[in-house]
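Chain by chain, the residues run as shown.
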Protein chains: 2
Amino acid sequence: MKYPFLLYRGEHFNANFFHYSGVDIDHSFLIVEGKHQTLLTPKMNLREAAATFKGTVIPYQDVFKELKKLLRGNVGIDGMHVGFSITERLKKFCKPQDVSRELLVARMRKSESEISKIKNAVKETKGIFKSLKIKRGTTEAQIKRQLLLGTLERGLVPAFEPIVAADSNSSFPHYKTGHARVNEMVLVDYGVRYKNYCADITRCFFVKKDSKKREAYKKVQDIFDNTIEQLPKLKSAKELAAYSAKLFKKSKLPELPHAIGHGIGLEVHEFPRLGKKSTDKLAGSTFAIEPSAYFHDFGVRYENTVYFDGKKVEVF
Amino acid sequence: MKYPFLLYRGEHFNANFFHYSGVDIDHSFLIVEGKHQTLLTPKMNLREAAATFKGTVIPYQDVFKELKKLLRGNVGIDGMHVGFSITERLKKFCKPQDVSRELLVARMRKSESEISKIKNAVKETKGIFKSLKIKRGTTEAQIKRQLLLGTLERGLVPAFEPIVAADSNSSFPHYKTGHARVNEMVLVDYGVRYKNYCADITRCFFVKKDSKKREAYKKVQDIFDNTIEQLPKLKSAKELAAYSAKLFKKSKLPELPHAIGHGIGLEVHEFPRLGKKSTDKLAGSTFAIEPSAYFHDFGVRYENTVYFDGKKVEVF
């Protein structure tokens, strides 16, 4: 990074803040300047910060008063998470520069320890999927409950709210789980968070023979397999998007209304982006690949989380 | 609001977005102009939006291209949730004005339906608290599990991650639940979300007779009762803060490292703010009151969610 940069962890977990600081302390600002880090935290979090954070800790009452002493000239800002309210006030004493892209790029290449955490998150998620009890008449809410209970039993937390979409509800990519009963099939999209790292898996379960729906599911599974096989020859996200689009055409499936996948790590959706306009590289990153087909009366999706070292792919 | 304003619901639930639109659709922008609302949503959410949102729905591929057609001149921005990255791009074709304060003020006075949802959230949370099984040797994680399980059993979701702090861990106001075993006492701070509305309750449980800790707990409970009794005579948040500070002094308790409470609704922390510098009014709002005392070796907190109509207080 060209200049010092400022991160903010407000009410919710902030991936960049945790990535750099190694701590997760609410309502705190982090200034990163080369190897030196300064954490500004409300008085009530002071003892926690002092005990866990490795850099300088400053308690604040009026945070802008403190920031004014520490920041001048160009200051990198996590423009995706630091709001307009804050940046307009910062402009009175420094020059905020949006570095949100650089911050996302910096998290793209995963360390061995990160990969192992994501792998573990996937393993636990798959364990939960395996224990699911689904039959005709089971409700979406009951399946969601099984997923959350499995997560709780493993001492973990959800990476995102489960999508459980029975029958025609599966035609909505981001359906909100309700109380519909499974008649023929159900789509389940879920992942847990393991030591802050996320998994993302989708499976369709069929409780009744239906050649049309099963066939569509088989097709997206084949696209997944084909994509994984081809991946070592694809150097960029753009090439991956183009390749998968070709497979969809060949399979006579409707065009995807979303990207073929997304980077995954401390966030469920992060870099690399896998859309056709992406300029991201793939080597060294973890991502989810999720070929899907949405029709008017149903949808199918098959999704796994993978790691690509640039030469070979590991499907977790 | 003086001008049309723009809200954004990205990866996570956004209270303002839901408050105005009545829907919760990811990666969507909402333009509110008097009674007319426009929702910009990615293609994949189009069918969901069309089925649930009452205003105009526009699918986007490049959202700025669409926003450019719709916005000019002064545009109110939720500056707490719309990042620097977005506002800098908006500045190319309109004049963003931070209206985050107005948005928070607009959510301060609760409708009957909102009050009833918050009341229900508290009722469910209290039910969960009542079912807790805590004895000497129970771990923080086990208590947390009971809270989350109780939430799941009620078909609800947590409003925030439970704080379960055994013994000396209770001296940290925002302690992160670990695996410590309860020896003498444990502080439990939790609330569920009911139809998107939050509860916030704190209780201390004692498993061993210890006059010092129990006495401190009794003192903060007394401060709570005294504050509630006085509330109808206190016209503003500032007066409430000043009154409670006086009670702390009188009780010879250490000064609070946080405000005496906080507004609650679609967010766990919202307006009215109850700090000594607050300019917010109290009438018509719901808030949590949480007198606490933090010592080096333990802490106590007693918290309830209340509604104040300007004349009388209802403790939920």
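Counting restarts for each chain: residues are numbered from 1 in the order of the written sequence. Chains carry letters and ligands carry numbers; both start at the beginning, A for chains and 1 for ligands, and go up in the order they are written. Restriction of local features to residues with pLDDT of at least 70 applies here, the model being predicted, together with a cutoff of 80 or more for giving and counting side-chain atom pairs; totals for whole chains, interfaces and linings are based on all residues. To get the side-chain values, take all heavy atoms of the structure and skip hydrogens and water.

A.B. asks: I'm lost on the packing of helix 8 (residues 211-230) of chain A against helix 9 (residues 237-250) of chain A in this one. Help?
C.D. replies: Two packed helices can be described by the angle between their axes and the distance between those axes. Residue and element names in this part refer to chain A. Angles run from 0 to 180 degrees between N-to-C directions of axes, and those axes are lines fitted to C-alpha atoms, restricted for helices to the stretch in contact. By the criteria applied, helices consist of DSSP H or I runs no shorter than four residues and strands consist of E runs no shorter than two, each listed in order from the N terminus. The geometry of helix 8 relative to helix 9 is characterised by a closest axis approach of 10 Å and an angle of 145° between their N-to-C directions. In the packing of helix 8 onto helix 9, the handedness of the crossing is right-handed. Contacts between helix 8 and helix 9 involve Ile 223, Asn 226, Thr 227 and Gln 230 from the first element and Leu 240, Tyr 243, Leu 247 and Phe 248 from the second. Residue type decides the class: Asp, Glu, Lys and Arg count as charged, Ala, Val, Leu, Ile, Met, Phe, Trp, Tyr, Cys and Pro as nonpolar, and the leftover types, Gly among them, as polar. Looking at the contact of helix 8 with helix 9 residue by residue, the classes come out as five nonpolar, three polar and no charged. Each crossing is labelled by how the near helix is turned from the far one, with a counterclockwise turn of less than a right angle marking it left-handed and a clockwise turn marking it right-handed. In what follows, a contact means two residues having at least one pair of non-hydrogen atoms within 4.5 Å.

A.B. asks: Would you mind going over the sheet that holds strand 6 (residues 95-98) of chain A with me for this structure?
C.D. replies: The strands making up a sheet associate through backbone hydrogen bonding, with each pair oriented either parallel or antiparallel. Residues and elements named next belong to chain A. Pairing in this open sheet of six strands is mixed, and the strands run 4-3-2-1-5-6 from one edge to the other. Each edge of the open sheet carries a strand with a single partner, namely strand 4 (56-60) and strand 6. On average, each strand axis in the sheet is tilted by 25° relative to the strand beside it, whichever way the strands run. Strands are labelled as partners when DSSP assigns at least two bridges between them. Where strand 1 (residues 5-9) and strand 5 (residues 74-77) come together, two bridges link them in parallel fashion. Its bridge partner being in strand 5, Phe 5 is matched across the sheet by Gly 76.

A.B. asks: Can you help me understand the pairing of strand 15 (residues 285-289) of chain B in this one?
C.D. replies: Two faces belong to every sheet, and in a regular strand the side chains alternate between them. Residue and element names in this part refer to chain B. Along strand 15, five of the five residues are buried, which leaves the element largely enclosed by surrounding structure. As paired strands, strand 13 (residues 261-263) and strand 15 are joined by three bridges and run antiparallel to one another. Bridged to Gly 261 within strand 15 is Ile 289. Bridge count for strand 15 against strand 18 (residues 304-308) is five bridges, and the pairing is antiparallel. Paired with Ser 285 across the bridge in strand 18 is Phe 308. The buried label goes to any residue with under 20% of its type's maximum accessible area, the exposed label to any with over 50%, and the partly exposed label to all in between, with areas taken from a 1.4 Å probe on protein chains only.

A.B. asks: Would you mind going over the pattern of salt bridges with me for this structure?
C.D. replies: Any two side chains of opposite charge can pair, so long as their charged atoms come close to each other. For this analysis, a salt bridge means a side-chain nitrogen from Lys or Arg found within 4 Å of a carboxyl oxygen belonging to Asp or Glu. This model, assessed by the stated rule, comprises 38 salt bridges over all chains. With its nearest N and O atoms 2.8 Å apart, the salt bridge here joins Arg 107 of chain A to Glu 270 of chain A. Taken together, the residues span a long stretch of sequence, with Arg 107 of chain A in the loop between helix 5 (100-106) and helix 6 (112-130) and Glu 270 of chain A in strand 14 (residues 270-273) at a distance of 163 residues. A single burial state applies to Arg 107 of chain A and to Glu 270 of chain A, both of which are buried. With its nearest N and O atoms 3.2 Å apart, the salt bridge here joins Asp 280 of chain B to Arg 273 of chain B. The exposure class assigned to Asp 280 of chain B is buried, which follows from its relative accessible area of 2%.

A.B. asks: I keep staring at the packing of aromatic side chains and nothing clicks. Help me out?
C.D. replies: Describing an aromatic ring pair means giving the distance of the ring centres and the angle of the ring planes. Working definition: a ring pair exists when centres of Phe, Tyr or Trp rings (six-membered ring for Trp) sit within 6.5 Å. Plane angles under 30 degrees give stacked, over 60 give edge-to-face, the rest tilted. Counted under the stated rule, the structure contains 20 aromatic pairs over all chains. Measuring from centroid to centroid gives 5.7 Å for Phe 13 of chain A and Phe 18 of chain A, while their planes differ by 45°, and the two rings are tilted. With a centroid separation of 6.0 Å and an interplanar angle of 75°, the aromatic rings of Tyr 217 of chain B and Tyr 302 of chain B are classed as edge-to-face. Taken together, the residues span a long stretch of sequence, with Tyr 217 of chain B in helix 8 (residues 211-230) and Tyr 302 of chain B in the loop between strand 17 (299-301) and strand 18 at a distance of 85 residues. Accessibility classification places Tyr 217 of chain B together with Tyr 302 of chain B in one group, the buried group. Among the aromatic residues, those joined into a ring-pair cluster are Phe 206, Tyr 217, Phe 224 and Tyr 302 of chain A. Comment: the charge-over-ring label is applied if NZ (Lys) or CZ (Arg) is within 6 Å of the ring centre and within 35 degrees of the ring normal. Over the ring of Phe 172 of chain B we find Arg 47 of chain A; its NZ or CZ atom is 4.4 Å from the centre of that ring.

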